[in-house]
Amino acid sequence: MMKQQDKVKKLAVTGLLSALVFIFSWIQVPIGDVARLHLGNVFCALSGLLFGPIVGGIASGFGSMLFDFTNPAYIAESWITFITKFAIGFLAGLIAKHGAKARAGVLLDTAAAGVGCFAYVVLYLLKSFIMMAWVEGQVMQAVYTQLITKGVTSSINALCAVVFSVLLAQAMRPALRRAHLWEEPEVH
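Given the structure is predicted, the values throughout are model-derived calculations rather than measurements.

Definitions and limits used
Residues numbered from 1 in each chain as written. Predicted model: local features only at pLDDT ≥ 70, side-chain atom pairs only at ≥ 80, totals over all residues. Heavy atoms only, no water. UniProt positions renumbered as here; feature names shortened; annotations may be inferred. Helix = DSSP H or I, 4+ residues; strand = E, 2+ residues; numbered from the N terminus. Axes fitted to C-alpha atoms, helices over the stretch in contact; angles between N-to-C directions. Parallel < 35°, antiparallel > 145°, perpendicular 65-115°, else oblique. Left-handed = near helix turned anticlockwise from the far one by under 90°. Contact = heavy atoms within 4.5 Å. Nonpolar A, V, L, I, M, F, W, Y, C, P; charged D, E, K, R; others polar. Core = buried A, V, L, I, M, F, W, Y, C linked by side-chain atoms within 4.5 Å. Buried < 20%, exposed > 50% of the residue type's maximum accessible area, 1.4 Å probe, protein only.

Colleague: Can you help me understand the UniProt feature "transmembrane region" (unreviewed entry) in the protein chain in this one?
Modeller: Feature annotation in UniProt assigns "transmembrane region" (unreviewed entry) to the following positions: residues 12-31, 43-67, 73-94, 106-135 and 147-169. In residues 106-135, helix accounts for 100% and strand for 0%; the two terminal C-alpha atoms are 42 Å from one another. Helix makes up 100% of residues 147-169 and strand makes up 0%, while its end C-alpha atoms are separated by 31 Å.

Right under this line is the structure:
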């Protein structure tokens, strides 16, 4: 059973990571009217790599949803953003947590972040297709053109998120260990 102090620590870490996802989602380069490059996904993947699937998923989803609340163009779909961004932190955390017993290090972190980010890209493009083709009723040629732009941009975002989250995770673990915020998984 988790002690009260551990619950408070986990809540504080989740809040801090949500804030980092939110803040770094603002560091962006718009690509036309349909896409943007940003650093928010770096912290979505990092949350999962460092603190597991639940904290990673909640921090990713909540921080990204809060970002959507700041833009009228995104607010209606903020609940979808919560789900799709939750996938990054959750999957990265799940894979990193279960594979950490093998102590695969950088390769495991890369695979974990890669799966989380790839799942997000697929979910995001699926959501975009449904919204543009079925909800908005756009012409298929326009839908495909926008999906290509979003797919390329999202893939670049994903690649950056994998590279930078892995580098940050490797650099931060020793400090987090010393602060008693991260523990090496037990090997059985």
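Colleague: Explain the packing of helix α2 (residues 40-69) against helix α4 (residues 106-135) to me, please; I cannot follow it from the model alone.
Modeller: A pair of packed helices is captured by two measures, namely the crossing angle of their axes and the spacing between those axes. Running from N to C, α2 and α4 point in directions that differ by 130°, and their axes come no closer than 10 Å. As the angle between them shows, α2 and α4 are arranged oblique. In this structure, the crossing between α2 and α4 has a hand that is right-handed. Contacts between α2 and α4 pair Asn41, Ala45 and Leu49 from the former with Asp109, Ala112, Ala113, Cys117 and Tyr120 from the latter. In terms of residue class, the contact of α2 with α4 is built from six nonpolar, one polar and one charged.

Colleague: Help me out: how do you make sense of the nonpolar core in this one?
Modeller: In a soluble, globular protein the nonpolar side chains are often hidden away together inside. Grouped together as the largest cluster of nonpolar side chains are 23 residues, with contacts concentrated most on Leu49, Ile88, Ala113 and Cys117. Secondary-structure elements contributing two or more residues to this core are α2, α3 (78-99), α4 and α5 (140-178). Looking at this core, the element that brings in the most residues is α2, giving seven residues. Ignoring any residue separated from it by four or fewer positions in sequence, one finds cysteine 117 in contact with Ala45, Ile88, Ala158, Ala161 and Val162.

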